Amino acid sequence: MLYLVRMDVAFPESMPADERDRLKAAEKEFSQALQRDGRFRHIWRVVGEYANYSVFDVASNDELHEILSGFPLFPYMTMKVTPLAKHPNAID
Ligand SMILES: O=C(O)C[C@H]1C=CC(=O)O1
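Residues numbered from 1 in each chain as written. Predicted model: local features only at pLDDT ≥ 70, side-chain atom pairs only at ≥ 80, totals over all residues. Heavy atoms only, no water.

Peer 1: Sorry if this is basic, but what is going on with the nonpolar core here?
Peer 2: It is characteristic of soluble globular proteins that their nonpolar side chains tend to be buried jointly. Val5, Met7, Phe56, Leu64, Leu68 and Phe71 are the most contacted members of the largest nonpolar core, which has 17 residues in total. Of all the secondary-structure elements, those providing two or more residues to this core are β1 (2–9), α1 (17–36) and α2 (61–70). Here this core gets four residues from one element, more than from any other, and that element is β1. If sequence neighbours within four positions are ignored, methionine 7 has contacts with Tyr50, Ala51, Asn52, Ser54, Phe56, Leu68, Phe71, Met77, Thr78 and Met79. (Core = buried A, V, L, I, M, F, W, Y, C linked by side-chain atoms within 4.5 Å. Buried < 20%, exposed > 50% of the residue type's maximum accessible area, 1.4 Å probe, protein only. Helix = DSSP H or I, 4+ residues; strand = E, 2+ residues; numbered from the N terminus. Contact = heavy atoms within 4.5 Å.)

Shown next, in the form of structure tokens:
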């Protein structure tokens, strides 16, 4: 099952820079492991915003929730999840 997820990141002003850097490094490692195993198909930056559009290929809502809530930045992100179905006009 494919899901489009928009993630908007907002760190608290009070967060020390070294804690922010630590979380961002952990996020990169977590993210790239999911990309390597094929469940995290795409991640694109939204131009001019600290946000991304991502596409996940997972077996269930529960699996997606487990992945999303496991991101180190999860407490600092708002997410909008859109389940995707095949378009009848698609050629592939
Ligand atoms: O958009 C971001 O930088 C946050 C983020 C969420 C997953 C990921 O790899 O990075």
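Peer 1: Is there a simple way to explain α1 in this structure?
Peer 2: An α-helical turn contains 3.6 residues, so a residue and the one three or four places further along point in the same direction. If you check α1, its first and last C-alpha atoms are 29 Å apart, about what 20 residues at 1.5 Å a residue would give, namely 28 Å. Those residues of α1 lying buried are Leu23, Glu27, Ser31 and Leu34. All buried residues of α1 fall inside an arc of 65 degrees around its axis, so they share one side. Exposed and oriented more than 90 degrees from the buried face of α1 are Asp18, Lys28, Glu29 and Arg36. Packing partners of the buried residues in α1 comprise β2 (40–45), α2 and β4 (77–84). (Expected span 1.5 Å × (residues − 1). Arc of directions from axis to C-beta.)

Taken by themselves, the reported measurements are silent on function.
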